[in-house]
Structures are given as C-alpha cells and as structure tokens.
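Inside the fold
Single-letter residue listing:
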Amino acid sequence: MNIQDIKVFVCSPGRNFVTVKVITEDGTYGLGDATVNGRELAVATYLEEHVVPCLIGRDAHSIEDIWQYLYQGVYWRRGPITMAAIAAIDMALWDIKGKVSGLPVYQLLGGKCRTGVNLYAHANGENIDDTLDKVQECIDQGFKAVRLQSAIPGLSETYGVLGDKKDYFELQGNRPLPPEQEWSTAKYFKLIPELFKKARERFGNQVHFLHDVHSRLTPIESAKLGKMLEKYNLLFLEDASIAENQENYKLIRHHTTTPLALGETYNTIWDCKDLLQNQLIDYIRVAATHAGGITGVKKISDFAAVYNVRTAPHGAPDLSPICFAAHMHLNISTHNFGIQEFVGFGNEESKTIFKHGMTLENGMVLIDDAPGLGVDFDETKASEFPYKRSYLPVSRLEDGTLWHW
Ligand code: GCO
Ligand code: MG
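The text that follows walks through the structure, step by step, so that each part is easy to find. Just so you know, these numbers come straight off a predicted model, no measurement behind them.

So, on to the pairing of strand β6 (residues 180-183). Only one face of β6 is buried, namely the one carrying Gln181 and Trp183, since none of Glu180 and Glu182 on the opposite face is buried. Bridge count for β6 against strand β17 (residues 394-397) is four bridges, and the pairing is parallel. Its bridge partner being in β17, Gln181 is matched across the sheet by Ser395.

Attention now goes to the pattern of salt bridges. A side chain of one charge can pair with a side chain of the opposite charge when the charged atoms of the two come close. If you walk through the whole model with that rule in mind, you get 21 salt bridges. Here Arg78 ties to Asp271 by a salt bridge, and the two come within 3.0 Å at their closest N and O atoms. With Arg78 in the loop between α2 (63-71) and α3 (80-101) and Asp271 in the loop between β9 (260-262) and α10 (273-277), this residue pair connects regions lying 193 residues apart in the sequence. Residue Arg78 is classed as partly exposed on the basis of its relative accessible area, which comes to 35%. For Asp212, the salt bridge identified is with Arg147, shortest N-O distance 3.2 Å.

What follows concerns the packing of aromatic side chains. All told, the structure shown has 16 aromatic pairs when counted by the stated rule. Their ring planes at 50 degrees and their centres at 5.1 Å tell us that Phe9 and Phe377 sit as a pair that is tilted. Taken as a pair, Phe9 in strand β1 (residues 3-11) and Phe377 in strand β16 (residues 375-377) lie far apart in primary sequence, 368 residues in all. Taken as a pair, Phe9 and Phe377 share a single burial class, namely buried. Among the aromatic residues, ring-to-ring pairing joins Phe9, Phe17, Phe354 and Phe377 into one connected group. The aromatic ring of Tyr69 is capped on one face by Arg58, whose charged end is 4.0 Å from the ring centroid. It is Lys99 that lies over the ring of Tyr29; its NZ or CZ is 4.0 Å from the centre.

Ideal geometry at a metal centre gives angles of 109.5 degrees when four donors are arranged tetrahedrally and 90 or 180 degrees when six donors are arranged octahedrally. Here the magnesium ion (ligand 2) is held by Asp212 (OD), Glu238 (OE) and Glu264 (OE), and the distances to it run 1.9 to 2.2 Å. Sequence spacing of the donor residues for the magnesium ion (ligand 2), all on one chain, is D-x25-E-x25-E. Of this pair, Asp212 sits in strand β7 (residues 208-212) while Glu264 sits in the loop between β9 and α10, and the two are 52 residues apart along the sequence. The exposure classification of Asp212 matches that of Glu264, with both residues buried.

In this model helix α1 (residues 40-55) runs 21 Å from its N-terminal to its C-terminal C-alpha over 16 residues, within 8% of the 22 Å that 1.5 Å per residue would give. A bend of about 35 degrees at Leu47 is the largest found in α1. Within α1 the residues assigned to the buried category are Glu40, Val43, Ala44, Tyr46, Leu47, Val51, Val52 and Leu55. Residue Gly57 follows α1 closely and has a positive phi angle near 90 degrees.

Turning to the site of ligand 1, a few remarks are in order. Near ligand 1 lie 14 residues; those nearest to it are Tyr159, His214, Glu264, Asp318 and Glu341. Residue Asn37 places a side-chain N or O atom 2.9 Å away from an oxygen atom belonging to ligand 1. Take His314: an N or O atom from its side chain is 3.2 Å from an oxygen atom of ligand 1. Counted by class, the shell around ligand 1 contains four nonpolar, three polar and seven charged residues.

This part is about the sheet that holds strand β18 (residues 402-403). Spatial strand order, β6-β17-β18: three strands in an open sheet with mixed pairing. Bordering the open sheet on either side are β6 and β18, each of which pairs with just one other strand. In the sheet, β17 pairs with β18 via two bridges, with the strands oriented antiparallel. Each bridged residue has a counterpart across the sheet, and for Ser395 the counterpart in β18 is Trp403.

What counts and what doesn't
Residues numbered from 1 in each chain as written. Chains lettered and ligands numbered in written order. Predicted model: local features only at pLDDT ≥ 70, side-chain atom pairs only at ≥ 80, totals over all residues. Heavy atoms only, no water. Buried < 20%, exposed > 50% of the residue type's maximum accessible area, 1.4 Å probe, protein only. Helix = DSSP H or I, 4+ residues; strand = E, 2+ residues; numbered from the N terminus. Pairing = 2+ DSSP bridges. Salt bridge = Lys/Arg side-chain N within 4 Å of Asp/Glu carboxyl O. Phe/Tyr/Trp six-rings, centres within 6.5 Å; stacked < 30°, edge-to-face > 60°. Lys NZ or Arg CZ within 6 Å of the ring centre and 35° of its normal. Donors = N, O, S within 2.8 Å, 3.2 Å for Na, K, Ca; no water. Expected span 1.5 Å × (residues − 1). Bend = angle between axes of the 7 residues up to and from the residue. Near = heavy atom within 4 Å. Polar contact = N/O pair within 3.5 Å; in protein donor to acceptor, adjacent residues only side chain to side chain. Nonpolar A, V, L, I, M, F, W, Y, C, P; charged D, E, K, R; others polar.

Take a look at the structure:
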C-alpha cells in the first residue's frame, strides 16, 4: 500500500497548527501533528522540501523502517524540527494502519491497560485566592488532579497566568515579536509555599496537586523548593531546572522526596536516558509531536518502565487534537502511564477543523473505537484560518539578564 501524496497544512484557529496528511494509492489517509510553537514554518518547509519527496512510493505499512529512514538515515539527527517532522509522518502512518485494519491505534499497540485516561487540569490565578477558586472549579468539574500556578506579586507577568489575554498570541498584541516577562526567584519563593499551604488548608487531600516551575530555578534552588513543598505532598513538581546537563538532577534528587517530572521539550530517548536510568525523575513528559511520534514515545516509555518512571505526556494547547489523540492511544495501552495534562479539547474555531470522538468524564478522557487515531481534519475550514506569525515570551531577571522562560 504505497504512499501517493503528502500534504502539509498550516492553519491558525487562535494559534498555529501544522498538520500532515499522508494519502495512499487506494485513497486511505492518515493525519499527523507537526506543530513546534513559534517555529511552525521551519517544520512545514522541512517536511515539504526534504521529507515528502523521499516518501512518495514507499510502503505506508513500514512504520518502523520509515521512522529509521528519517532518523538514522539522515546525517543530521535529532532536534525539535526533525523530530516533529518524523512525528507527524509516524502518527499518520499509525492512523493509516488502524484504518486499513479496522482497529483503533491502541489495539495495534497492545490493547487497553485501563478504561480511561486520568487527567490533571490547570488552575491559573491572578493571586492565591483566585487560584484556589479555580481549583474548586476543577474539582466541581470532576478532576482528581490539578496544577496550581499563581501570578507572582511584584512581577509584571507570570508563566501560565495570562490575565485578560486568552493566549500568547493575544499577549503579543499587534506586534508579533516575543513579549518580555520578568523573573525573580526571591519573589517566587515568597509565594509558592504559601500557595500550597493555603491549598491544603482549603481542600485537604481531596485532589492531587501539581506545579510547573517552567525551568526557572538553578538545581540547588529546585532542591530547596522540593524540600519546602514536601509537606504538601505534590503528585509532581514539573521542570524544576533545565536538564540540558542531566547530571543537574542528581543534586535535586538527593535533597528532596517531592516527585519530579521533566521532558516536554525532549525529542529523543538520548535527551532523557541518564535521567531515566539513574532514576532521577518520576514522570517523563515527552509529547508525541516533539519526540518522534507514537514510535518515538513508545521507545522512551518502554525504557522508562525499567526504572519505574511513569509517563505524563505534555498536553498544552499548542499540541493539536491529533497529538492529543495519539497520546490517548499511547496512554490507554501503556502499562507505565501515569497522568495526562489536559487543557480542554481546543477553542471553538479549532473544534470546527479537528473532529474527534473523545469525551471527558469525571476527570478522565474516554476514547471511542473509531479505526486509526479517530480524528478528522477539515481542510476547507482550516484554510479560513491562515498562519499568523507568533512567538512565545522570553524571560529576563529584574536587572535585564536573559533567563529561562
Ligand atoms: C505545559 C507547558 C506549556 C509550554 C508550551 C510552550 O506544561 O503545559 O509548560 O505551557 O510552555 O507548550 O509551547
Ligand atoms: Mg510545562
């Protein structure tokens, strides 16, 4: 069953998405997500110029061989652009295999390990009380785990808290350049223990709590934060420090029993190999779109299982519903799955483009038994929302030094 055509679409229903459609000679098609937030056209060009011509005429069933052909077969390996391109092709090929066999992708991956996929929701507030009111809303909606983020007094803007802006695109106003945000670890440290103290006082142990540091702390500061938060019993502390140097996490790990999660920007097993085999983290957060698709994530999950590390896939709104569906098939069929980040199924515009049968019930996502990934893409509707240049913010310390965003 040979590949006849591959199309790449870039649309912006409130934010940019890069979508790939692989079509076989009998007309079966599969879909993949190749979105790299703020660098969308780089992946689209990589696919159109460098990947598509090599795949026409190849057998769509040879998923592993095509994955290796695009990974090992290219002298320039790894990196987010390459791996997102591989990911989108890979998802589309799994989608095709499912459609041709009449089975949902999770059946091809080994079948169900659980009935539904546990989620954590976001509570992002302008201050502690506002965050706690948002936690209550999440509990009322049935979520059993909630990530708490709060604006930091004295800093102009805080990660995760957008005020009256609905997304980072709107935050940039009419000037599509990276917005600049301030960071102060001292101000952050004044707020965070207080946030979790009040959260436990108000909610007791009704739900799991999580928090995303977004990589702003040094390793010793992360160790200190982990220790301060131990008594509030977090499910995990995410992206405490950057781990380009994976050794950093030894220092954090040796000081705290707060569980650690990492990996939303990782692209291959090589980015997290040392973290996993040294048991320095508890959850690996790789996303199918950024880590080589279903095939890439499966390799990482199986390796993680050896070290008792569970998966907690990235679920931000810049991953399209196709990636989310790929995660659902992985999550439901992966024994060492932990929890899935969830921020809803997209805005109203994107719901007119991406159609699927996933439903939310009692803090879980349930998937239907549609063959393949179970998502469809309306090309005509997508063309009504053309690409808009957009950037994530950058971060600076109060003296102007560039810092991790
Ligand atoms: C998360 C992430 C996101 C990222 C975003 C970047 O935990 O959901 O940290 O908020 O910042 O996906 O594109
Ligand atoms: Mg994060």
